[in-house]
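# Structure assessment
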Amino acid sequence: MVRIDKKATRLYVLDTNVLIHDPAALYQFDEHEVVIPMTVLEELDKHKNGIREIARTARQVSRTLSDLTANVDVGLIRDGIPITRLAGPEGRLRLLCYSDLRPLDPLADSPDNRILAETCRLREERPDASVILVTKDINLRVKAAALGVPVEDYLNDRVFGDSDAMIDGARIYPDAGQDGSGLWDSLQADLRVERLDDKVVYQLAGSIPAEWHLGMLVSDSDDDAGFEAIVRAVGPQQASLELLTDYRHGASVWGVHAHDSRQNFTLNLLMDDDIDLVTIAGSAGTGKTFMTLAAAFQQTLDSKRFERIVFTRAPISMSEDIGFLPGTEEEKMSPWMGAFHDNMDNLLRDEDGASSWDNGATRQLLGSRVQIRAPGFMRGRTLNDTFLIIDEAQNFTPKQLKSLITRAGRNTKIVCLGNVGQIDTPYLTANTCGMAAVVQRFRDWPHAGHVTLKSVERSRLALAGEEIL
């Protein structure tokens, strides 16, 4: 875009979509001045009516502006209203109003073009400062660049600098040797092995890798690993690793076995009583929903740890909406539950290939323990003794996913499934979606774990489709 002159004073002109996207955007520009054009205030006024999320956000921004302008005289409004921050120097808020604003030729009269005109007018009045337009609108950024107006995207909402920065929850040491003995040489740390409550714990003292974090998989191979452990405690000079249960051959979860190291780690996270929040990422066909449902039924029907399973997902379609859906809440959610029904059909297959999922008695038995709920009706609930599965978590905003996670009550485990490479919401990206936010926020919480599944057996038809496309 346009090169920004690095002057001592900066004025950031905020577009309406920035404030609606992040109502706290006013406080994110440090000691610089934040400018709100009158056109933005008019657009906020148009969006404030209704019960949709955009209306609630517009009202929240209006209340924030009302609090900042309360008990402030006219002179201070013209010079800039102080914006008090929790830490660091305070900024200033300016409200921009021109009674003789001229439109930019040959642009038509529209809110975006008026914001451009107001920004250009402010640049003429303040040659001593860098005037920068901040907007999430790509077309407005292109028009601003064509007019030579410095413009930036609002990046403070990004959880990561790029989509590849999301942790995968695993650290593989492929050169450790078949038995994993070379792992300790590569770590350059003193090792002490202990047995605590039928668990084998490796205590390390020395130089610990900086990328290690709580709830992380440490393995010597992605496939046939000889050593697999989860990081239970970590510091600059010491760490504690707990050996994982092997679900490949002997042990299983509701008859399900792991195929590789990451799947085995996933089953360990799902069955771990100390892990209350599990996030599982991965492309289609990696077994996210399949293993999660197996662990859910194992702990609900067999071990009786939970009383029920609640399954929910974002009702967002990949293409155009099919319109009104009749019936009860579960019947309305049925078209979105294809992944649930497909995996249940596979989980209940016998050695002859026949499935009992179509049996009425089986559906009634499992249906008494499984609740399919729409996320829009979850606010205000408290889920106790529940295994909560949130599918397609990448289609939720961080605020929406926070509302679902905070439903957890006594003895509740939450599992978030998603693929940041398949986002159907046009306003979310791989580094701004709720899935990325949850992974980053709970990275160092001892009762959370994350893994990104990579290797899995996939059908030849799916692979051929990828090659063609």
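None of these values were measured; they are calculated from a predicted model. (Residues numbered from 1 in each chain as written. Predicted model: local features only at pLDDT ≥ 70, side-chain atom pairs only at ≥ 80, totals over all residues. Heavy atoms only, no water.)

Moving on to the sheet that holds strand β2 (residues 33-37). Spatial ordering of the open sheet is given by β3-β4-β2-β1-β5-β6, a layout of six strands whose pairing is mixed. Sheet topology places β3 (81-83) and β6 (151-152) at the edges, where each strand pairs with a single neighbour. Two elements, β3 and strand β4 (residues 91-96), share three bridges in a ladder whose sense is antiparallel. Note that in β4 the partner of P82 across the bridge is R92. Together, β1 (9-14), β2 and β4 form the strand contacts of helix α2 (residues 38-47), whose direction differs from that of β2 by roughly 60 degrees. (Pairing = 2+ DSSP bridges. Helix = DSSP H or I, 4+ residues; strand = E, 2+ residues; numbered from the N terminus. Contact = heavy atoms within 4.5 Å. Axes fitted to C-alpha atoms, helices over the stretch in contact; angles between N-to-C directions.)

As a further point, take the nonpolar core. Soluble globular proteins: nonpolar side chains tend toward being buried together. Core analysis: the biggest nonpolar cluster contains 39 residues, and L14, L19, L26 and L93 have the highest contact counts within it. By residue number, the principal contributor to this core is strand β5 (residues 129-134), which donates five residues. L93 has contacts with L26, V34, I36, L65, L68, G80, I81 and I83, leaving out every residue within four places of it along the chain. Counting residues in each nonpolar core, the second largest holds 38 residues, with L269, I275, F340 and F387 among its members. (Core = buried A, V, L, I, M, F, W, Y, C linked by side-chain atoms within 4.5 Å. Buried < 20%, exposed > 50% of the residue type's maximum accessible area, 1.4 Å probe, protein only.)

Counting all residues, the mean pLDDT for the protein chain is 84, and 84% of those residues have values of 70 or more. Low pLDDT, under 50, characterises residues 458-469; the stretch is placed with three contacts to residues that sit more than four places away or in other chains. (pLDDT = per-residue confidence, 0-100.)

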